[in-house]
Amino acid sequence: MVKTTSFQHYLDQLLERFASLQGGAVANYIPELSTVEPDGFGIALVTVDGHVYQAGDSRTAFTIQSISKAFVYGMALEDRGVETVAARMDVEPSGEAFNSISLEPGTGRPRNPMINAGAIVATSLVKGEAAEDRLERILDGLERYTGRRLGINEAVYRSERDTGHRNRAIAHLLRNYDILQGDPESPLDAYFRQCAIEVTARDLALMGAALANDGVNPITAVRALPSPLVPRVLSVMATCGMYDWSGNWIFEVGMPAKSGVGGGIVAVLPGQFGLAVYSPRLDPKGNSLRGIAVCRAMSRDFGMHMLRVSRTTTHSVIRATYTAAEVHSNLLRDERSTRHLRAEGHRALVIELTGELMFVSAEIVSSTVAAAMKDRDWLVLDLTRVTAIDQPGGSLLTALLEELQGHGKGVVVAGSDRHFAFRQAVRTRFHGQERPPRLDDTDMDRALEFVEDRILESAGLPVQDFHAERLEDQPLCRGLDPSELALLAELLTPRKFQAGERVCREGDSADRVYFLKKGRVSASLRLDSKHDHRLGAYAAGWVFGESAFFEGHRRTADIVADTAVELLALDPEALARHPDAAARGLRCRLLANLAELNFERLGRANSEIRVLTR
Ligand code: GLN
């Protein structure tokens with residue numbers, strides 16, 4: 001295991017450790033390649049967050065050679081489609097050298113796109129008529145990966161063109177089988193140029209990072225490869241990327257990779273990073289000797305093998321399960337509604353989820369919900385703490401929603417705005433259907449409030465249009481006698497607000513207590529110019545702004561009308577100064593009621609905490 005604290009330090013040490021590794025030889029079958037400095041050595045790693053680490057000669061230019069094959073194969077898939085490309089080449093490891101004449105008997109299809117034969121065919125398939133057009137397409141395509149225009153090493157190109165008789169023979173053989181059409185010299189020339197494109201280890205690591213990042217360059221945010229093609233390209237890299245050492249490579253290092261005789265290796269850990277090493281001393285199979293050593297060491301030190309199960313998802317993602325009878329939304333309702341919800345709230349089940357929804361964790365959710373929904377009408381699914389939903393997890397969840405809908409259950413999903421792909425999948429699946437799952441609630445509290453409203457409605461109780469017409473309906477007025485009620489009524493001033501209007505603002509001095517006669521208001525904290533957090537809400541029959549009973553207080557939250565609102569405002573100072581002797585009794589009553597109400601709220605909060613922590 002790694003003991004260093006900084007990854008940069010680790011890379012520097014790795015470079016030092018393997019710089020002494022001698023042996024191997026610079027490729028010389030392309031004469032110009034034999035002129036490179038054999039001891040050049042650089043490492044680069046780019047994370048899917050776009051963080052770049054470099055050590056040694058990470059900015060030295062060298063020719064990309066075979067590494068181009070993986071990326072050009074991706075371009076061929078993009079330009080012609082998977083099927084057309086498959087008709088011209090297989091994806092089976094050949095177990096033979098990169099320059100072998102490994103063609104399928106009968107059809108002449110190259111075994112895979114990572115050997116020269118397959119690569120020349122892939123080059124012939126990228127868009128473009130003439131060799132120059134294809135090359136332009138390839139340079140454009142690579143620029144999306146690297147974020148910069150790459151150049152061609154003309155000397156290396158000419159050197160290979162003039163001596164590449166074996167590749168020329170392969171191209172003509174492919175022409176014989178009609179796998180290449182037209183003049184085989186044209187794709188061959190584009191292939192030679194493509195191999196002579198100059199890159200640095202930093203470029204390659206970034207290209208690898210784009211593959212690791214589902215096809216998107218993590219620094220420029222430009223898409224280099226359509227998402228569905230990314231696993232295709234990584235597959236052939238995993239099975240055929242290191243020539244006839246591919247099986248050993250995946251066994252030992254465990255990352256899709258591609259090497260080139262220019263001395264480069266790029267390795268990809270999907271979802272994590274792209275890693276590149278440059279060191280032109282090659283082993284007998286044509287792979288960079290130090291490149292293999294570096295990748296092997298890093299994979300072992302960190303346990304980076306792609307088939308290593310780094311995390312299991314079998315632990316439950318269910319954070320809390322309760323019914324709407326056990327936990328209420330933060331909307332304070334009139335007493336009758338509250339009583340009804342306590343009695344009938346069991347009809348709605350709330351499931352709060354947390355962490356990552358992948359296949360197995362979604363399966364747990366799905367079976368838990370299916371078992372618990374028998375006698376219920378509503379499901380509220382809280383995704384606000386879910387960090388990710390992968391495709392299998394999302395599909396399973398969507399199937400669950402469909403099943404619930406089939407049984408006539410209503411579904412409300414909170415926090416789906418953070419999971420765009422899942423939300424789209426649900427929208428598509430339920431398009432045009434009656435009672436699709438409700439996806440609009442960004443917070444859990446409003447989702448629960450929505451379901452509570454439906455439960456009240458189904459019992460014929462007034463919901464949005466509820467009026468606390470009489471003062472004695474206000475819980476703060478419990479036990480007031482008629483003369484006290486009359487005195488209070490005298491002191492109240494009616495006020496009206498439109499939906500969306502602010503009633504008070506955080507920081508204002510608190511000088512009025514409000515009785516809510518009609519409508520709903522929310523108390524929220526403004527987090528920044530765009531976001532606020534709803535602390536709670538009040539429905540008709542409730543009082544808010546009670547801190548005004550006590551001198552010198554300021555508002556600690558914004559109060560905003562959620563609907564058209566009618567209020568009765570009490571000036572506590574006017575009550576305190578009132579000459580009538582009964583006013584003192586009234587004031588005491590109101591304060592005593594306030595204390596009692598707050599105790600009730602505290603008791604309710606405690607029982608909810610008990611449910612949420614069980
Ligand atoms: N241009 C080289 C060739 O075709 C590429 C081979 C390689 O990098 N393995 O021989």
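What comes next is a walk through the structure. Since we're looking at a predicted model, the values are computed, not measured. (Residues numbered from 1 in each chain as written. Predicted model: local features only at pLDDT ≥ 70, side-chain atom pairs only at ≥ 80, totals over all residues. Heavy atoms only, no water.)

Counting its secondary structure elements, the protein chain contains 20 helices and 20 strands. By the compact-globule yardstick of 25 Å for 614 residues, the protein chain is too spread out, its C-alpha radius of gyration being 35 Å. Residue burial in the protein chain is summarised as follows: out of 614 residues, 52% are buried. In the protein chain, the proportion of contacts linking residues at least 24 apart, taken out of those at least 6 apart, comes to 74%. Positive and negative side-chain charges of the protein chain, numbering 72 and 81 respectively, have mean locations separated by a distance of 1 Å. (Helix = DSSP H or I, 4+ residues; strand = E, 2+ residues; numbered from the N terminus. Rg over C-alpha atoms; globule rule 2.2 N^0.38 Å. Buried < 20%, exposed > 50% of the residue type's maximum accessible area, 1.4 Å probe, protein only. Contact = heavy atoms within 4.5 Å. Lys, Arg positive; Asp, Glu negative; His and termini not counted. Charge placed at Lys NZ, Arg CZ, Asp CG, Glu CD.)

Turning our eyes to something else, we now look at empty space enclosed by the protein. Any space left empty among the atoms is revealed by the rolling of a water-sized probe across them. Tallying each qualifying case throughout the model produces three cavities of 30 Å³ or more. Space inside the largest cavity adds up to approximately 80 Å³. Around the largest cavity sit Arg333, Asp334, Ser337, Leu456, Pro462, Val463, Gln464, Phe466, Gly519, Arg520, Ala539 and Ala540, which together line it. Classifying every residue of the lining of the largest cavity gives six nonpolar, three polar and three charged. In this model, the second largest cavity occupies a volume close to 50 Å³. Around the second largest cavity sit Tyr29, Gln65, Ser66, Lys69, Phe98, Asn116, Glu160, Asn167, Tyr191, Cys195 and Val261, which together line it. In terms of residue class, the lining of the second largest cavity is made up of five nonpolar, four polar and two charged. (1 Å grid on protein atoms, 1.4 Å probe; cavity = no way out; pocket = protein on both sides within 12 Å on 5 of 7 lines; lining within 4 Å. Points joined across faces, edges and corners; volume = space filled by probe spheres on them. Nonpolar A, V, L, I, M, F, W, Y, C, P; charged D, E, K, R; others polar.)

In this structure, Glu546 sits in the loop between β18 (543–544) and β19 (558–561). Among buried Asp, Glu, Lys and Arg side chains, Glu546 stands out as unpaired, with Arg601 the closest opposite charge at 4.3 Å. (Salt bridge = Lys/Arg side-chain N within 4 Å of Asp/Glu carboxyl O.)

Right, let's talk about the site of the ligand for a bit. Taken together, Tyr29, Gln65, Ser66, Phe98, Asn116, Glu160, Asn167, Tyr191, Cys195, Tyr243, Gly260 and Val261 make up all the residues around the ligand. Within the contact set of the ligand, a nitrogen atom lies 2.8 Å away from a side-chain nitrogen or oxygen of Glu160. A distance of 2.8 Å is found between an oxygen atom of the ligand and a backbone nitrogen or oxygen belonging to Val261. Protein chains shield 99% of the accessible area of the ligand, which is 300 Å² for the free molecule. Spatially, the ligand is embedded in the second largest cavity. By residue class, the composition of the shell around the ligand is six nonpolar, five polar and one charged. (Near = heavy atom within 4 Å. Polar contact = N/O pair within 3.5 Å; in protein donor to acceptor, adjacent residues only side chain to side chain. Areas by Shrake-Rupley, 256 points an atom, 1.4 Å probe, with all protein chains shown as cover. Sits in = over half its atoms within 2 Å of the grid points.)

Looking now at the nonpolar core. In terms of nonpolar packing, the biggest core is built from 73 residues, with Leu204 and Leu211 touching the most fellow members. Sort the elements by how many residues they give to this core and helix α9 (residues 201–212) lands first, with nine residues. Leu480, Ala510, Ala523 and Tyr538 belong to the second largest nonpolar core, which has 39 residues in total. (Core = buried A, V, L, I, M, F, W, Y, C linked by side-chain atoms within 4.5 Å.)

To continue, consider the packing of aromatic side chains. Inspection of every chain in the model, using the stated rule, returns 13 aromatic pairs. Geometrically, the ring pair formed by Tyr191 and Phe192 is tilted, given 6.1 Å between the ring centres and 50 degrees between the ring planes. The same class applies to Tyr191 as to Phe192, namely buried. When the centroid spacing of 6.2 Å and the interplanar angle of 90 degrees are considered together, the rings of Trp378 and Phe450 count as edge-to-face. Of this pair, Trp378 sits in strand β11 (residues 378–389) while Phe450 sits in helix α17 (residues 444–458), and the two are 72 residues apart along the sequence. Per residue, the accessibility class of Trp378 equals that of Phe450, and both read buried. (Phe/Tyr/Trp six-rings, centres within 6.5 Å; stacked < 30°, edge-to-face > 60°.)

Further remarks concern helix α1 (residues 7–19). The first and last C-alpha atoms of α1 sit 18 Å apart over 13 residues, in line with the 18 Å expected at 1.5 Å per residue. Considered for burial, the residues of α1 that qualify are Phe7, Tyr10, Leu11, Leu14, Leu15 and Phe18. All buried residues of α1 project into a common sector of 140 degrees when viewed along the axis, lining one side. Between the side-chain oxygen of the N-cap and the backbone nitrogen of Gln8 there are 3.3 Å, and the N-cap of α1 in question is Ser6. (Expected span 1.5 Å × (residues − 1). Arc of directions from axis to C-beta.)

What follows concerns the sheet that holds strand β15 (residues 513–518). Taken in spatial order, the four strands make up an open sheet running β13-β20-β15-β18, and their pairing is antiparallel. A strand with exactly one partner marks an edge of an open sheet, and here the two such strands are β13 (492–497) and β18. Across six bridges, β13 lies against strand β20 (residues 565–570) in antiparallel orientation. Its bridge partner lying in β20, Thr493 is registered against Ala569. Contacts from helix α18 (residues 482–491) reach β13, β15 and β20 within the one sheet, and its direction differs from that of β13 by about 55 degrees. (Pairing = 2+ DSSP bridges. Axes fitted to C-alpha atoms, helices over the stretch in contact; angles between N-to-C directions.)

A cluster of nonpolar side chains, contributed by Ile101, Leu173 and Tyr177, occupies part of the molecular surface with about 250 Å² of accessible area. Mapping Leu173 onto the fold places it in helix α7 (residues 165–176). In this structure Leu173 comes out as partly exposed when scored by relative accessible area, which is 32%. (Patch = residues over 30% accessible without salt bridge, like charges linked within 9 Å, V, L, I, M, F, W, Y side chains within 5 Å.)

Looking now at the packing of α7 against helix α8 (residues 185–195). Following both chains from N to C, one finds α7 and α8 inclined at 140 degrees, their axes separated by 9 Å at the closest point. Between α7 and α8, the angle is such that the two are oblique. Between α7 and α8 the crossing geometry is right-handed. Side by side, α7 and α8 meet where Asn167, Arg168, Ala171 and His172 of the first sit next to Glu185, Leu188, Tyr191 and Phe192 of the second. Considering only residue class, the contact of α7 with α8 consists of four nonpolar, two polar and two charged. (Parallel < 35°, antiparallel > 145°, perpendicular 65-115°, else oblique. Left-handed = near helix turned anticlockwise from the far one by under 90°.)

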